[in-house]
Amino acid sequence: MAEPHDAGDAVGPRPRWGLTRYVAAATLARAADGGGVVAVVLVVTASGAPGWLAGLLGASITAPHLLGPFLARRLDTARDARSVVAMACLVHGAALAAAVLLYPQVSPILTAILLFAAGLFGPFLTGGISSRLPAIAGPDRRSQRRAQGWDVATYGLGGTIGPSVVALVSVWASPTVAALVLAGGTFAAAGLVRLLPFAEAAASAADVPRPLRTLSVVVASGPLRRTLYLTMTVALAVAVLPIVAVSSTAGLGEAAAAAAALTAAYGVGSLAGSVGVMIRPLGGDADVLLPHLALTVAAALVAVLLVPNLILAVLGYAAVGIANSYFFAATLAARSEFSPPAARGQVFVWVGALKITAGSAGTAAAGALVGTALHLPTALAAVIAAVAGIAAIIDRRCGSRAIG
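The shown structure was predicted, so the numbers you read here are calculated from the model rather than taken from an experiment. (Residues numbered from 1 in each chain as written. Predicted model: local features only at pLDDT ≥ 70, side-chain atom pairs only at ≥ 80, totals over all residues. Heavy atoms only, no water.)

Some thoughts on the overall build of the chain
- Scanning the chain for helices and strands turns up 17 helices and zero strands.
- Scaling as 2.2 N^0.38, a compact globule of 404 residues should have a C-alpha radius of gyration of about 22 Å, and the chain matches this with 21 Å.
- Each principal axis of the C-alpha atoms in the chain carries an extent, and together these give about 60 × 60 × 35 Å.
- Counting across all 404 residues of the chain, residues that qualify as buried make up 50%.
- Taking as baseline every contact in the chain between residues at least 6 positions apart, the subset at least 24 positions apart corresponds to 83%.
- Summed over its atoms, the accessible surface of the chain is roughly 16600 Å², and 71% of this surface lies on carbon and sulfur atoms.
- Positive and negative side-chain charges in the chain, numbering 25 and 15 respectively, have mean positions lying 3 Å apart. (Helix = DSSP H or I, 4+ residues; strand = E, 2+ residues; numbered from the N terminus. Rg over C-alpha atoms; globule rule 2.2 N^0.38 Å. Buried < 20%, exposed > 50% of the residue type's maximum accessible area, 1.4 Å probe, protein only. Contact = heavy atoms within 4.5 Å. Areas by Shrake-Rupley, 256 points an atom, 1.4 Å probe, with all protein chains shown as cover. Lys, Arg positive; Asp, Glu negative; His and termini not counted. Charge placed at Lys NZ, Arg CZ, Asp CG, Glu CD.)

Have a look at this one:
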């Protein structure tokens, strides 16, 4: 059966092509989102500017993600949300391109403003695109869960491809050209998003809640509340790994360069986990799965904490990546299945924005703590993930008894 389509489509694209276009669009957009800060930092440092300015301008494109939910209501009110996501891709790419082309001919303040504009639309490239997936994947849960595995893979691919493209193009040409390549990727993503299957708005604009009201709906809903705090705590927990990887190599008797093997192992594990979800989609209630998968992530972090050599450390990092991919797929399922239709886009963006914020906090905390005690960040990360998982199990059981 053809997929739903609007009047402008002569023939609705077949579902498999809809998913193919989705994967291509999401990978391109998330590569730009993941590589943007790397490109900005390289552009600034290559100009001879001080490190504090590179850090400040890098933060200018990441910090605004937290404000994305206050723009995301348009995803749920627009007749055609594809146009909203496509426009966000265009604005993100144009602002990034303008920022790197004008630097350093203009004041750093103007560059920061342009990067802020790009970062403001960053959540549309992550959670905003993910909110389109339910209309593409098919009506049954198995198809939805398999498509969510593909979505997890796009995050992993984007997070790997983006920085890699920046590194390669910077060597071949310059960091500015690398940033322009990322911007071009967002323009291509915009075109692909417009080719995704059309889905009618789930509710009239008057019935779509405002951003803070949407957040209160998330907090009031047991499944969505648990999804939110589990997503944030697990994101915070796994964000310590890049910092710990660099610091732990000496304790493993290896050179600092071995940290690249550890971070690569995490990335390979993440991709392997997403492939696993594609081949064998998650079954059961996402609300039940999430806390148990959070405990699995905690157990993998404990394994990383205890490994005595590089080979086992590589396996431990890969295990964390696999566990986190399954966990991430379950969070996508929970957002899709438990979000009110009138606010699904906002819920996706809220959870995604707060996840990024929590991840940034985890990285910062690991950097502050690793000098105190090498294993402290990983130990705390494992404890936090485990406590959140146990709390969610208790929360769910108490809620079920209250309803009963």
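Looking at the environment of Ala-379
- With respect to the helices and strands, the residue Ala-379 is situated in helix H17 (residues 376-403).
- The class of Ala-379 is partly exposed, set by a relative accessible area of 25%.
- Counting along the chain gives 81 residues from Ala-379 to Ala-298, while the straight-line C-alpha distance between them is 9.3 Å.

Things to note about the environment of Ala-97
- Mapped onto the elements of the fold, Ala-97 is located in helix H4 (residues 81-102).
- Taking the C-alpha atoms as reference points, Ala-97 and Leu-115, separated by 18 residues in sequence, lie 9.3 Å from one another.
- Apart from residues lying up to four places away in sequence, Ala-97 is in contact with Leu-180 and Ala-183.

Considering the nonpolar core
- Counting 46 residues, the largest nonpolar core has Leu-230, Leu-241, Val-297, Leu-301, Tyr-317, Val-320 and Phe-327 as its most contacted members.
- Mapped by element, the contributors of at least two residues to this core are helix H11 (222-238), helix H12 (241-248), helix H13 (259-279), helix H14 (286-306), helix H15 (310-338), helix H16 (344-369) and H17.
- Looking at this core, the element that brings in the most residues is H15, giving 13 residues.
- Residue contacts for Phe-327: discarding those within four places in its chain leaves Leu-230, Thr-231, Val-234, Leu-290, Leu-293, Ala-294 and Val-297. (Core = buried A, V, L, I, M, F, W, Y, C linked by side-chain atoms within 4.5 Å.)

Some points on the packing of aromatic side chains
- Counted according to the given criterion, the structure contains three aromatic pairs.
- On the numbers, 5.9 Å between centres and 40° between planes, the contact of Phe-121 with Phe-124 is tilted.
- Under the relative-accessibility criterion, Phe-121 is labelled partly exposed at 22%.
- The exposure class assigned to Phe-124 is buried, which follows from its relative accessible area of 3%.
- Taken together, a centroid distance of 4.8 Å and an interplanar angle of 70° make the contact between Tyr-155 and Phe-328 edge-to-face. Taken together, the residues span a long stretch of sequence, with Tyr-155 in helix H8 (residues 141-172) and Phe-328 in helix H15 at a distance of 173 residues.
- We classify Phe-328 as buried; its relative accessible area is 8%.
- Sitting over the ring of Tyr-155, Arg-30 keeps its end group 3.8 Å from the ring centre.
- Over the ring of Phe-328 we find Lys-355; its NZ or CZ atom is 3.7 Å from the centre of that ring. (Phe/Tyr/Trp six-rings, centres within 6.5 Å; stacked < 30°, edge-to-face > 60°. Lys NZ or Arg CZ within 6 Å of the ring centre and 35° of its normal.)

Considering the side chain of His-65
- Relative to the helices and strands, His-65 is located in the loop between helix H2 (51-62) and helix H3 (73-77).
- Here Asp-33 takes part through its side chain, which lies 3.0 Å from a polar atom of the side chain of His-65.
- What His-65 contacts, discounting residues up to four positions off in sequence, is Asp-33, Gly-119, Gly-122, Pro-123, Ala-353 and Ile-356. (Polar contact = N/O pair within 3.5 Å; in protein donor to acceptor, adjacent residues only side chain to side chain.)

Considerations on the pattern of salt bridges
- Scanning the model with the defined rule gives nine salt bridges in all.
- Linking Asp-151 and Arg-30 is a salt bridge whose minimum nitrogen-to-oxygen distance equals 2.7 Å. Linking Asp-151 in helix H8 with Arg-30 in helix H1 (residues 15-46), this pair joins segments that are 121 residues apart in sequence. Like Arg-30, Asp-151 is buried.
- One salt bridge connects Asp-80 with Arg-194, and the closest N-O pair in it is separated by 2.9 Å. With a gap of 114 residues between them, Asp-80 in the loop between H3 and H4 and Arg-194 in helix H9 (residues 175-194) connect regions that are remote in the sequence.
- The structure contains a network of salt bridges with shared partners spanning Arg-225, Arg-226, Asp-285, Asp-287, Asp-395 and Arg-396. (Salt bridge = Lys/Arg side-chain N within 4 Å of Asp/Glu carboxyl O.)

Focus on the side chain of Asp-151
- Among the residues examined, Asp-151 registers a relative accessible area of 0% and is labelled buried.
- Within the structure, Asp-151 has its side chain in polar contact with the side chain of Tyr-22 (distance 2.7 Å).
- When residues no more than four places from it in sequence are discounted, the contact partners of Asp-151 are Tyr-22, Arg-30, Ser-130, Leu-133 and Leu-332.

Examining a nonpolar patch on the surface
- A contiguous nonpolar surface patch, about 380 Å² in accessible area, is contributed by Leu-67, Phe-70, Phe-116 and Leu-212.
- Relative to the elements of secondary structure, Leu-212 occurs in helix H10 (residues 211-220).
- Accessibility expressed as a relative area gives 56% for Leu-212, which makes it exposed. (Patch = residues over 30% accessible without salt bridge, like charges linked within 9 Å, V, L, I, M, F, W, Y side chains within 5 Å.)

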